[in-house]
Structures are given as structure tokens and as C-alpha cells.
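Chain by chain, the residues:
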Amino acid sequence: IINHGTNEGLIFMSQVEVHKFGGSSLASAERILHAVRLVIEAQAEAKVVVVVSALGGVTDELVAAAVAAVGGDRERGLDGIGKILARHEMVLAELSDGDQHEISLQLAGICSELGDLIRGVVLLGELSLRIKDRILAGGEKLAARLFAVALKGQGVEAAVLDADTFLETDDHFGSANALSGVADRTMKAVLQPLLDADQVPVVTGFCGRAPDGATTTLGRDGSDLTATLVAGTVAAGQVVIWTDVDGIFGADPRVVPEARVIAQLNYREAAEMSYYGAKVLHQRALIPAAARGIPIRVRNSLAPEATGTMVDSRFTPGSHPVKGISAIQNHTLISVEGKGMAGVPGVAARVFGCLAQKEISVTMISQSSSESTISLAVPAEHGEVAETSLKRELRPDIVRGDIEEIVVYRDVGLVAAVGMGMAHMPGVAARVFAALGRRKISLLAIAQGPSELNISLAVQGRQADAAVRALHQEFSLHRIDTGEDSTRRFDLILLGCGQIGRALIELVQERQADMFARFGLQARIVAIADRSASLFHPTGLEPEQLAAAMAAKSAGASLAGLSDAVAGDPKAMLARAGNYRLARPVLVDVSDADQAHELFSQAFALGYDVVTANKKPLAGALADYRVLLQTAQTQGRLLKAEATVGAGLPVVDTLEMLLAPGDQLSRARGCLSGTLGFIMAQLEDGQPLSEAVAEAVRLGYTEPDPVVDLSGVDVARKATILGRMSGLVLSDEPPALTGLVDSSLAGLELADLLAKLKQVDAPMAARVEKGKQAGKVLRYLARVEQGSIEVGLAELDKDSAFGSLRGSDNMILFESERYRQRPLTVTGPGAGVEVTAMGVLGDILRIAAERR
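Only a predicted model underlies this, so the values are computations on that prediction, with no experimental measurement involved.

About the cut-offs
Residues numbered from 1 in each chain as written. Predicted model: local features only at pLDDT ≥ 70, side-chain atom pairs only at ≥ 80, totals over all residues. Heavy atoms only, no water. Pairing = 2+ DSSP bridges. Helix = DSSP H or I, 4+ residues; strand = E, 2+ residues; numbered from the N terminus. Axes fitted to C-alpha atoms, helices over the stretch in contact; angles between N-to-C directions. Contact = heavy atoms within 4.5 Å. Phe/Tyr/Trp six-rings, centres within 6.5 Å; stacked < 30°, edge-to-face > 60°. Buried < 20%, exposed > 50% of the residue type's maximum accessible area, 1.4 Å probe, protein only. Polar contact = N/O pair within 3.5 Å; in protein donor to acceptor, adjacent residues only side chain to side chain. Right-handed = clockwise from strand over helix to strand, strands pointing away.

1. Section: the sheet that holds strand β14 (residues 405-418)
Across the sheet, six strands lie side by side as β12-β13-β11-β14-β16-β15; this open sheet has antiparallel pairing. Of all strands in the sheet, those with a lone pairing partner are β12 (364-367) and β15 (443-448), marking the two edges. Put simply, the sheet's adjacent strands are angled 30° from each other on average, direction ignored. Direction of pairing for strand β11 (residues 324-337) relative to strand β13 (residues 373-379): antiparallel, over a ladder of seven bridges. Opposite Ser335, over in β13, you have Ser375 as the bridge partner. Where helix α8 (residues 267-275) meets the sheet, it contacts β11, β14 and β16 (454-460), and its direction lies at approximately 65° from that of β11. Packing of helix α10 (residues 347-357) onto the sheet brings it into contact with β12 and β13, and relative to β13 it is tilted by some 15°.

Rendered as C-alpha cells:
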């Protein structure tokens with residue numbers, strides 16, 4: 001019984017496996033012996049059929065000898081054959097310690113025939129495809145005998161089978177096709193008795209037998225096709241293609257060095273990637289395997305520990321709709337254009353019929369919906385013939401004016417984004433075009449079928465590699481596939497797990513249903529980091545992990561004490577997360593890290609958006625601020641910072657809406673600290689300053705160090721950010737700052753700080769009382785004007801806008817050309833953990849809405 005595998009385990013219980021070894025796996029005696037060991041390992045699970053290519057470089061040497069012969073250079077042609085024989089005899093000597101006289105005679109006999117063919121070509125001055133196939137097949141025949149010797153040397157019974165004696169094909173020399181039915185019967189008749197006798201058939205790849213008995217070859221990568229044809233005949237459980245790379249990559253590693261191996265491809269996906277330039281596995285080789293549902297595994301014989309790529313019938317969308325990006329260069333794009341073609345039957349038939357008569361294969365086709373343009377791509381070597389043939393065929397239409405012109409674009413590259421997950425998924429094409437547009441890559445033609453398996457693009461040849469890199473980066477193919485569909489998720493990476501961080505985690509957990517109802521998305525927290533360590537899982541942290549993290553931080557411990565935490569700073573955590581293909585990743589900074597701007601730049605480079613409640617990176621050096629904005633713009637990322645100015649109050653959002661239509665801000669004034677607002681209200685009610693501060697700390701209104709609030713540093717940072725965002729203040733000139741206490745008190749223990757504050761309780765109470773007598777109240781006010789920022793206590797009329805504020809409410813007044821007489825006012829709660837966490841969540845949801 002043959003089980004071709006399950007989606008869960010990929011476990012194969014088969015009686016037969018076919019192992020094909022390419023030329024790089026057989027380049028020396030050492031590599032042949034290594035390949036033999038792989039066969040012996042496979043025999044522990046199944047009977048094995050081996051298909052071999054010629055030794056590395058031998059086919060090229062045979063082509064060179066044949067070309068020399070047709071040019072009349074008899075000596076060079078024969079010398080090439082002599083060198084091939086000498087190389088195989090040397091490998092034979094290294095493979096065996098015993099008497100191999102018989103095999104040596106066989107090698108010599110094959111090369112003697114090759115010599116005769118070379119002499120015949122010289123005499124005739126002609127190299128027909130029929131003779132060329134006979135010459136090229138000699139490489140596989142030589143290799144098969146060496147491989148069989150190596151197997152026998154390890155105690156394995158082996159038999160050499162020349163495929164041109166039993167693999168029946170048509171007579172299309174150079175690219176022959178197996179004769180369905182007939183080939184199956186003849187192959188089975190030859191192979192099955194050997195398998196029944198527990199021998200390993202060593203089959204020559206690449207070649208077959210024409211109906212008249214002549215040797216044929218199967219075309220590019222024909223040995224792969226031989227392997228899959230054999231597999232279908234013997235009902236193999238799988239075909240293993242041994243090559244010199246780790247599998248099928250998401251893009252050509254020579255173009256995209258960070259490209260990764262794709263773990264699994266559907267037959268159709270692999271065929272599309274092969275057609276558009278992925279040379280590891282040829283499209284024709286997939287047909288017999290797909291017809292019988294036989295999996296193909298591509299593995300590296302030089303690194304067999306790598307799992308390789310599995311190609312089978314499964315559809316695994318993974319965490320992204322696109323599986324790979326392929327490209328082929330050296331094409332010509334021909335565009336037949338004319339309004340007279342619209343609605344006229346048969347024009348396309350004449351175009352393609354004309355090319356078919358010249359045996360020109362069309363690589364890509366695109367037609368406008370108006371039928372006024374037909375664009376097609378052909379290999380560059382056929383470009384001139386195609387152009388001439390089409391102009392001749394369509395000359396009457398050109399004379400009548402039905403066809404206006406035939407435009408030819410030379411040096412064209414074709415780029416394809418491939419993946420079955422693209423089907424019926426909105427936005428994939430938009431991302432493709434946007435990614436290319438950002439890099440100024442012009443599109444010459446576009447093609448996509450209704451199956452949405454492939455989006456094909458014609459670009460200028462010099463831009464093809466850049467297009468591959470752009471699409472590879474856009475779809476994060478350089479990262480590890482998490483194996484989960486990401487279309488309904490967005491991932492949060494949390495920097496900081498203090499009070500705001502813990503409140504945010506609870507909000508995200510509580511509001512999942514609401515997020516899904518509004519955006520069709522589910523948020524998952526994939527990482528949490530503090531200064532010492534991080535927790536990370538690419539498909540989301542479990543609720544138990546989140547609970548343990550919150551409990552540890554609530555108790556004043558670090559994440560480093562958790563069993564599943566990884567030591568390291570946030571930069572290390574981001575780098576680790578960056579290895580995985582996350583869904584709409586957002587770095588959320590609710591810490592007070594001093595160097596967070598470096599983390600933001602790192603996140604932008606990784607393709608992450610950023611939400612921050614941390615004011616330091618935006619209120620630091622102006623140069624750092626500008627670099628952040630430029631990096632975000634360059635990388636096409638979003639930076640949201642509502643909570644840095646108004647906590648949960650929509651100050652930044654209001655400012656952006658004010659400026660968007662071109663309004664000019666002239667001044668902004670505001671009470672921007674809910675903490676200080678609360679303290680001022682307590683002072684008005686007669687509470688001493690020290691007690692008011694203690695109460696604010698207890699309620700969670702203050703920064704971790706209350707001096708940051710009391711000294712005015714926190715408000716100064718908010719005002720600086722507001723000045724930069726509004727464009728009013730673009731310098732490193734510090735705000736004119738007067739605080740309730742001096743910033744030198746920073747870092748004191750709370751008890752020591754409160755003791756210091758008791759010394760100013762009386763003077764502050766006296767100042768409050770004096771203001772009351774004059775109908776005034778104290779408010780901590782920030783003023784942002786053109787080129788200047790002022791922050792400090794102000795005595796205001798009790799009935800004024802700011803004077804009427806109570807408790808922890810904040811207020812900001814925007815004065816602009818539009819709001820000159822009556823300032824635009826935003827007011828509401830401005831302090832508290834929950835309020836700030838809600839402001840951060842609001843920014844996250846804005847990003848989710850833009851990215852869905």
C-alpha cells in the first residue's frame with residue numbers, strides 16, 4: 001500500500017523512492033561516494049531507483065567538442081573526448097580498489113563511439129539534432145557506470161540501465177516527449193524485475209529512445225523529467241532531486257542574498273516559478289508527478305541535513321499570499337496597437353499563428369480590455385524574427401490603418417509574483433504596484449489570469465533585479481514563514497510592561513471582538529520586552545505567558561526571571577522578531593527608554609510601524625527627530641504618537657486635521673499635564689503640596705519618577721513635540737522652563753521626595769491663597785509660538801478657559817488663520833494609566849485601519 005503523505009506529518013510509507021543526482025552531486029569520486037551513502041540511508045525506508053546526470057561540467061565539454069567538430073576542428077573535438085575519458089578513468093580508480101577492467105572497457109567503448117560521432121560531424125560539416133542528442137547522452141552513460149561501481153563497492157547490488165534502450169519518446173530531438181502508455185510499459189518491464197530482485201537500478205537521465213531506435217534527449221533538466229517518469233511507472237512514494245542548493249528559494253539568491261528556502265510548494269506554484277526562471281526544478285518534470293500525486297523533494301546533497309523543499313498537491317498559504325518571486329531576462333516585448341482591432345475577430349489568432357509558424361514560444365501575453373492593444377513577450381533571440389514576421393503578416397491591416405503601429409521594446413525582463421494564496425485576496429496587486437512605484441520601476445505590461453496564481457510584469461531589463469528585490473521585501477519573503485494565515489491579524493511588539501503596558505495588554509484582550517467587528521482583524525501580542533529580557537513567539541504569546549509577565553512586573557521583578565524569557569536588550573528582541581514573517585507588525589513603545597529612537601529606526605528598517613507613548617525619542621535632538629521621520633517615510637512606515645502630547649486626548653489627531661487642508665498655526669497654548677492639573681486642583685481645595693503629590697502617585701497619575709512631572713520636564717517634552725509637529729519650533733533651543741521643584745531632586749526615593757516637598761508646602765499654600773483673593777487660579781501652562789516655547793506656572797482668571805479646568809483634565813487651544821477669533825479647543829481627561837493606554841490603543845487601531 002502506498003501512502004503519498006498527509007498534510008500533518010509528510011510521512012511517506014512507500015515501497016519505492018526515486019533519487020536523482022545532478023551533475024554537481026557527481027563532480028568527483030568523493031561526491032559520488034557521498035551520494036551513494038545517501039542512497040544506502042534511503043534503503044532503510046524503501047527500495048531505491050537512482051537516476052543520474054552527467055558528471056559536473058561533462059555535458060558542457062561534450063557540447064564544446066561537438067561545436068569544434070562542426071567547425072572542422074577535428075583535433076580539438078577528439079581532444080575533448082579524450083579528456084572526458086581520462087577524467088572518468090581517474091574517478092573510477094578512486095572509487096574502486098579492485099579490478100575494474102570490464103568497466104574501464106565500457107567507458108572506453110562509450111568514448112570510442114563519441115569519437116566516431118565527432119569524426120562524422122567533421123566529415124559532414126553538419127551537426128544535426130539527432131547526432132547531437134547521441135553525443136550528449138554519452139555523459140549520463142559514463143556517469144551511470146561509475147555510480148554503479150560505487151554502489152557495488154559498498155555492498156549494494158546495482159544494475160546500469162541506459163534509458164535510450166527502453167524510455168520510449170517521440171522523435172523531437174533536443175526536447176523529446178515520452179510516449180504515454182508505451183513508455184510506462186517498457187520502463188516497468190525493465191525496472192520491476194530488478195526491484196523485485198532487491199537491486200538498485202541506476203538509470204541514465206536526460207535521454208530516451210525515438211520510435212526508430214535513435215537516441216533522444218529530453219531537453220533542459222531532462223534528468224529531472226526522467227526521474228518523475230520513472231516514479232510514475234513504479235508508483236514511487238516520492239522523488240528526491242539531489243542538487244547543490246538547499247531547495248527552491250523565494251527568489252534567486254544571487255539577486256536577493258537574504259532569500260530563504262520555501263518549505264512547501266504546490267505543483268502549480270512550482271511550475272510557475274520554474275517557468276519564470278527558478279532553475280532548480282523544470283516545469284516539464286512536474287507533469288508526471290502532479291498527474292499521479294507523487295511528491296517531489298528538492299534537497300542539497302552537500303548539506304543533506306537541510307530539509308529542502310517539498311512539492312506536492314497541498315495548498316499551504318502560510319503567513320503570506322505570495323510564495324516566491326521569479327524573473328527571466330533577455331526578452332523582447334512586442335505591442336500590436338490599433339483602434340481598428342477592437343471587435344474584429346481573428347486578429348489575435350493571426351498574431352499567434354504567425355509566431356507558431358516560426359516556432360517562436362510566447363512567454364507572456366497581455367491585452368487591453370478595449371482590444372486595441374495586444375502585447376506579447378518572446379525570448380530575445382527570437383525578437384527580430386518575431387517582429388519581421390508580424391509586420392509581414394499584418395501589413396494589410398497597417399496599410400488600412402486598422403493597426404497603427406507595432407512597437408518593439410528590447411532588453412526586457414519578466415518578473416512574476418507567484419502564490420496560490422493570492423486567489424481572491426484583495427490588495428495583493430496594489431501592494432505589488434506600490435512596491436515597484438516606490439522604487440521608480442516602470443511597468444511595460446501586466447498579466448494576471450483569473451486563477452490569480454501569478455502576477456506577471458514586464459519591466460526594463462536593467463530594472464528587473466531591482467523589481468525582484470522590491471517585491472521580495474514587500475512580501476517579507478526573507479523571513480521565516482510562521483505557517484499561519486496573516487490576513488486577519490496584526491502583531492504587536494510591546495516595549496515596556498509597566499502600568500501603561502499592563503493596562504494596554506488588558507485592553508487588547510478585552511476588545512478583540514470589537515476590533516474584529518470594526519476591522520476584520522485580530523490583534524495578537526507576539527513580544528514583550530523590558531531592559532533585561534523579552535518574551536517572544538511569532539504566532540502570539542499565550543494568555544498564561546502574558547499573565548506571568550504582568551504578575552512579575554506588578555511585583556517589581558524583571559522579565560529575566562521568567563522561565564521562557566530570553567536575556568537581552570530590546571534591540572536583540574527586535575532582531576529576533578525580524579527573522580519571522582509577522583502580520584502588519586507594530587512596535588508599541590510604552591517605556592521610558594532613553595535611546596528609543598534607535599529602536600524606532602530599527603523597527604522601520606524591519607518594515608514595522610511604530611506607536612509610542614514615550615516622549616524621549618521625539619523630544620530629543622532635532623536631528624534624531626528628523627532622521628526618524630525620514631526613515632519612516634523612506635520605508636513607507638507609519639509613526640503614531642498621540643499619547644506623547646495629550647495622553648488619551650486627541651491633540652495630535654486634531655493638529656493633523658487642522659494642518660491637512662493648509663491652515664497655518666500661529667500659536668498653541670495648553671495645560672498638558674493631567675498630573676499637574678490634579679495637583680493644582682488639590683491645592684485649591686486646601687491640600688498641602690506634599691500630600692497632593694502622594695495622592696497623585698497613589699492614583700497612578702505621575703511618571704515613574706514624580707520629579708519628571710513636578711519639574712516641568714514632562715510638559716516641556718510634550719510642548720517640544722507639539723512645536724515640531726506643528727512646524728512652529730524647529731530648533732534645539734530648549735523651552736523656557738520653570739518647574740514646581742528643581743530637576744536635581746530626580747531619582748529620590750518617594751519618602752525622601754515627600755520630605756523635601758513638605759518644606760515648600762507653606763509657601764505654595766500661601767501663593768494659592770493670594771491668587772484666590774485676587775480671583776486667580778494657578779495653572780501649569782505651555783505656550784508654543786513661532787520659534788519659542790515657554791512652560792511654567794501661570795496665574796489665570798478663575799473664569800477663563802484654563803481657569804475652569806478641574807481635576808486631571810487637560811486642555812489645548814489652537815490659534816490659526818482659520819481659528820483666529822475663536823481658538824480651536826480640545827479638552828478632556830489627561831492623566832491616568834487607563835486614559836494613556838486607551839490613547840495608545842487608538843493609535844494602534846488607526847494603523848490597523850490603514851493597513852488592512
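2. Structural notes on the packing of aromatic side chains
Using the criterion set out here, one finds four aromatic pairs in the structure. Ring plane angle 35° and centroid distance 5.4 Å describe the contact between Phe21 and Phe147, whose orientation is recorded as tilted. Remark: Phe147 occurs in helix α5 (residues 129-153) and Phe21 occurs in strand β1 (residues 16-21); sequence separation between them is 126 residues. Assigned by exposure class, Phe21 and Phe147 land together as buried. A ring pair is formed by Phe21 and Trp242, whose centres lie 6.1 Å apart and whose planes are at 5°; its orientation type is stacked. Of this pair, Phe21 sits in strand β1 while Trp242 sits in strand β7 (residues 238-243), and the two are 221 residues apart along the sequence.

3. Let's talk about the side chain of Ser711
Within the fold, Ser711 resides in the loop between α26 (707-710) and α27 (713-726). Judged by its relative accessible area of 4%, Ser711 is buried. Only 3.4 Å separates the side chain of Ser711 from the backbone nitrogen of Val713, close enough to count as a polar contact. The residues contacting Ser711, other than those within four sequence positions of it, are Leu737, Gly739, Val741, Asp742, Ser743 and Tyr780.

4. Focus: the pairing of strand β21 (residues 586-589)
The side-chain alternation of β21 yields two buried faces, one formed by Val586 and Val588 and the other by Leu587 and Asp589. Where strand β17 (residues 489-495) meets β21, four bridges bridge the pair, whose relative direction is parallel. When the bridges of β21 are listed, Leu494 appears paired with Val588. Inspection of the sheet shows β21 paired to strand β22 (residues 609-612) by four bridges, in the parallel sense. Bridge pairing in β22 links Leu587 to Val610. In this region the chain leaves β21, passes through helix α19 (residues 596-605) and returns to the parallel neighbour β22; the handedness of that crossover is right-handed.

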